[in-house]
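Coordinate inspection notes
Spelled out from the first residue to the last, the chains are:
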Amino acid sequence: MKKIIISISAIVLILIAALTLATVSYAKTTDYSSNTLPDRCTVNGVDCSGLTYDEAIKKVSDEWNDRYIVVTGSLNEEIANFTDFGCTYDIQDEINGLKKQHIIRAAANHYFGTPLAIKLPMLVDEYGEDFKNTVVTADFLNRPDATESKSAYVDTSDPNFPIIPEVYGTKLETERFFNDVLMHIQTGELKFLFDERNYYTMPEITRDDKDLKAFQKYCKTYLKQRITYEMGESTFTITSDQLADLMTDDLSGNADEAAVAEFVAQLAATYDNVGKERKFTSLTGKNITVRGGIYGWAIDQEKETAQLTADINSHQDVSRKPIYDVEGYGEYSDGVGNTYIDVDISNQTVNYFKNGEKAFSCSVVTGCRVNGTTTPTGTFYVINKVRNVILRGDNVDGTRYESPVKYWMGINWGGIGFHDADWRSSFGGSIWVRNGSHGCINMPSGRIPALYNSTEVGTPVVVHY
């Protein structure tokens with residue numbers, strides 16, 4: 001028995017020595033150092049005998065891309081199959097080092113003609129976009145009746161802020177399926193057992209999520225606050241979602257001043273209407289379109305930002321007007337209301353309406369059309385009322401004028417207003433065309449007291465043709 005063991009050991013040692021000698025000898029041959037693969041060499045079942053490394057890489061890649069991945073269902077039925085992978089593979093280092101990595105088998109192939117069959121992982125370097133599109137758009141992955149999964153969320157439209165549970169849908173994650181297809185390509189397992197349950201899209205947030213519950217607590221603590229802006233028919237209340245956007249992200253309930261400033265800027269962009277175009281039917285029955293002027297409302301953004309920040313930080317309900325830099329007559333409106341002075345340049349008339357009823361009317365003379373000193377159109381308001389003043393200015397020919405008047409009602413900061421004109425003997429008609437004023441609205445001395453006494457500073461004035 002001992003002799004048999006010694007004999008076997010001797011044989012093994014002889015074989016090892018022979019293989020070692022053959023390997024060392026092979027490493028010195030031109031076959032080993034050449035950039036071609038030996039005869040009877042296959043890579044992943046592809047015959048590469050005598051091919052250069054680059055030729056072998058191309059052949060193996062091409063034949064691999066021509067294979068089929070067969071997708072089967074639970075009953076082994078074929079659902080789909082995919083080919084024309086269009087992939088490039090990271091196998092260059094493995095092919096170039098094939099003889100070195102498998103030198104013993106390569107030596108045996110060289111000296112004894114034994115087959116050299118090599119298996120390499122087909123690591124995908126890049127995939128074909130057309131192939132990916134074919135996979136991810138496959139019908140079995142995109143059923144028309146599939147439903148989306150939905151995350152749990154806090155319903156901020158409900159004053160009780162309930163958590164709405166997550167919904168598990170049946171829509172599949174095609175990207176994940178495609179990545180699994182690539183794994184099968186790499187491993188060479190070309191039969192793919194498909195279980196759609198492995199690819200359902202999952203809700204990102206569930207009802208038990210601790211962050212969701214923390215947000216619900218925050219909502220119940222801070223988002224119940226109601227801040228209402230009183231703006232006539234445009235009155236509105238900041239919603240819970242808007243209020244959340246106006247607070248910092250740390251769930252402390254503190255106002256985010258930058259967000260508040262942006263909100264106020266948007267508020268001003270939406271509601272500021274000084275000099276904006278106004279289209280309406282005058283109480284005289286005339287359809288009017290005017291733009292420009294100084295009348296309207298404009299929010300003081302700096303002060304309003306500070307006030308809204310303080311309101312949010314108080315966590316108390318608030319109902320108030322915005323802080324205005326310029327404020328129109330009565331409640332906020334895009335129009336002029338039903339109390340205003342109507343100056344009709346075309347008809348050379350002034351009509352005053354109070355609470356929708358005509359309270360005053362007379363003929364006037366407005367700015368001269370020929371001289372170019374026409375009365376500016378737009379929406380203005382009575383900015384001041386003064387008795388017994390002297391109006392001074394320049395005539396068209398460069399001379400100065402001084403005109404004492406008993407009644408003055410200014411409507412802009414450029415010196416335009418209503419005043420008596422005792423130097424005129426007639427008003428209305430076409431006088432304004434060639435013998436109009438320097439821009440003011442000239443009124444009969446006997447009529448202006450009624451307008452002066454019945455209006456107040458702030459009364460809107462619409463000047464139009």
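Everything in this summary refers to the structure shown in the same document. (Residues numbered from 1 in each chain as written. Predicted model: local features only at pLDDT ≥ 70, side-chain atom pairs only at ≥ 80, totals over all residues. Heavy atoms only, no water.)

1. What to know about the overall build of the protein
For the record, the criterion: Runs of H or I in DSSP of at least four residues are treated as helices and runs of E of at least two as strands, each being numbered from the N terminus. Every radius of gyration here is taken over C-alpha atoms, with the globule rule written as 2.2 Å times N^0.38, N being the number of residues. A simple rule labels every residue: compare its accessible area, found with a 1.4 Å probe on the protein chains alone, to the largest value its type can have, and call it buried under 20%, exposed over 50%, or partly exposed in between.
Along its length, the protein carries 14 helices and 26 strands. Rg of the C-alpha trace for the protein: 45 Å, well past the compact-globule value of 23 Å for 465 residues, more than 25% over. Principal-axis analysis of the C-alpha atoms places the extent of the protein at approximately 150 × 60 × 40 Å. Within the protein, buried positions represent 42% of all 465 residues.

2. Focus: the pairing of strand E24 (residues 417–420)
Which entries qualify depends on this criterion: Strands are treated as partners if at least two bridges between them are detected by DSSP.
Burial along E24 is two-sided: Gly417 and His419 and Phe418 and Asp420, pointing in opposite directions, are all buried. Pairing geometry for strand E23 (residues 400–410) and E24, over 3 bridges, is antiparallel. If you follow Trp408 over to E24, its bridge partner there is His419. Where E23 hands over to E24, the hairpin turn is made up of 6 residues, of which Gly415 adopts a positive phi near 90°. Strand direction decides the pairing type here: E24 and strand E25 (residues 441–443), joined by 3 bridges, are parallel.

3. As for the packing of helix H11 (residues 257–271) against helix H12 (residues 301–314)
Put simply, the test is: Here an angle of 0 to 180 degrees is reported between the N-to-C directions of two axes, which are lines fitted to C-alpha atoms, with helices fitted over the stretch in contact. When describing relative orientation, an angle under 35 degrees is termed roughly parallel and one over 145 degrees roughly antiparallel, while 65 to 115 degrees is termed roughly perpendicular and anything else oblique. Helix crossings fall into two classes, left-handed where the near helix is turned counterclockwise from the far one by less than a right angle and right-handed where it is turned clockwise. Residue contacts are defined here by distance: any two heavy atoms, one from each residue, within 4.5 Å place the two residues in contact.
Where H11 meets H12, the axes come as close as 9 Å, and the angle between the chain directions of the two elements is 125°. In terms of axis orientation, H11 runs oblique to H12. Here the hand of the crossing between H11 and H12 comes out right-handed. Counted together, Glu257, Val260, Ala261, Phe263, Val264, Ala265 and Ala268 of H11 and Gln301, Glu304, Thr305, Leu308, Thr309 and Ile312 of H12 form the full contact between these two elements.

4. Here we look at the pattern of salt bridges
As a reminder of what qualifies: Any Lys or Arg side-chain nitrogen found within 4 Å of a carboxyl oxygen on Asp or Glu counts as a salt bridge.
A complete count under the given rule lists 16 salt bridges for this structure. The partner of Asp311 in a salt bridge is Arg320, and the shortest N-O contact between them spans 2.8 Å. Both residues of the pair, Asp311 and Arg320, count as buried. The shortest N-O distance in the salt bridge between Lys321 and Glu327 comes to 4.0 Å. Classification of Lys321 as partly exposed rests on a relative accessible area of 37%. Residue class for Glu327 comes out partly exposed when judged on its relative accessible area of 44%. Sharing partners across several salt bridges, the network here consists of Arg143, Asp145 and Glu196.

5. Digging into the packing of aromatic side chains
To keep things clear, this is the line we draw: Pairing of aromatic rings covers Phe, Tyr and Trp, the last through its six-membered ring, and needs centres within 6.5 Å; plane angles under 30 degrees mean stacked, over 60 mean edge-to-face, and all others mean tilted. Any Lys NZ or Arg CZ found within 6 Å of a ring centre and within 35 degrees of that ring's normal is scored as a charge over the ring.
Taken as a whole and judged by the stated rule, the model has 22 aromatic pairs. Ring plane angle 50° and centroid distance 5.8 Å describe the contact between Tyr218 and Tyr222, whose orientation is recorded as tilted. Here the residue Tyr218 and the residue Tyr222 both occupy positions in helix H9 (residues 210–222), the gap between them amounting to 4 residues, near one helical turn. Judged by centre distance (5.9 Å) and plane angle (75°), the ring pair of Tyr271 and Tyr332 falls under edge-to-face. Of the two residues, Tyr271 sits in helix H11 while Tyr332 sits in the loop between strand E17 (324–326) and strand E18 (340–344), which places them 61 residues apart along the sequence. Using a relative accessible area of 6% as the deciding quantity, one classes Tyr332 as buried. In textbook terms, an aromatic cluster arises when at least three aromatic residues are bridged by ring pairs, as seen for Tyr229, Phe236, Tyr271, Tyr295, Trp297, Tyr332 and Tyr381. Here the basic side chain of Lys385 rests over the ring of Tyr452, its NZ or CZ set 4.7 Å away from the ring centre. Lying over the aromatic face of Tyr407, Arg387 brings its terminal NZ or CZ to 4.1 Å of the ring centre.

6. A closer look at the nonpolar core
Applied cut-off: Think of a nonpolar core as a cluster: buried Ala, Val, Leu, Ile, Met, Phe, Trp, Tyr and Cys residues, connected wherever their side-chain atoms sit within 4.5 Å.
Core analysis: the biggest nonpolar cluster contains 68 residues, and Leu308, Ile341 and Phe418 have the highest contact counts within it. Counting residues per element, this core draws most heavily on H11, at 7 residues. Contacts of Phe418, omitting those with residues within four sequence positions, involve Ile341, Val343, Val350, Tyr407, Trp408, Met409, Ile411, Ile441, Met443, Ile448, Leu451 and Val461. Of all hydrophobic cores here, the second largest spans 46 residues; its members include Val46, Ile91, Ile103 and Leu116.

7. Re the environment of Ser333
For the record, the criterion: In protein, a polar contact means a hydrogen-donor-capable atom and an acceptor-capable atom, both N or O and within 3.5 Å, with residues adjacent in sequence counting only if both atoms are side-chain atoms; elsewhere, any N or O pair within 3.5 Å suffices.
Its location among the elements puts Ser333 in the loop between E17 and E18. Among all residues touching Ser333, those that are not within four sequence positions of it are Asn273 and Trp297. For Ser333, the side chain forms a polar contact with the main-chain nitrogen of Gly335, separated by 2.9 Å.

8. A word on the packing of helix H7 (residues 129–136) against helix H8 (residues 174–187)
When two helices pack together, their arrangement is captured by the angle between the axes and the distance separating the axes. Two elements in contact, H7 and H8, have axes whose closest approach is 9 Å; the angle formed by their N-to-C orientations is 120°. As far as their axial angle goes, H8 and H7 are oblique. Here H7 and H8 pass one another in a crossing that is right-handed. Counting all contacts with H7, which are made through Phe131, Lys132, Val135 and Val136, the residues of H8 involved are Thr174, Glu175, Phe177, Phe178, Val181 and Ile185.

9. A closer look at the sheet that holds strand E20 (residues 357–363)
A sheet is described by the order of its strands in space; here 5 strands give the open sequence E20-E19-E18-E26-E21, paired in mixed fashion. Two strands bound the open sheet, and with one partner strand each, they are E20 and strand E21 (378–381). The average angle at which neighbouring strand axes cross in this sheet is 20°, direction not considered. Two elements, strand E19 (residues 349–354) and E20, share 6 bridges in a ladder whose sense is antiparallel. In the sheet register, Asn351 faces E20, and the bridge partner there is Ser361.

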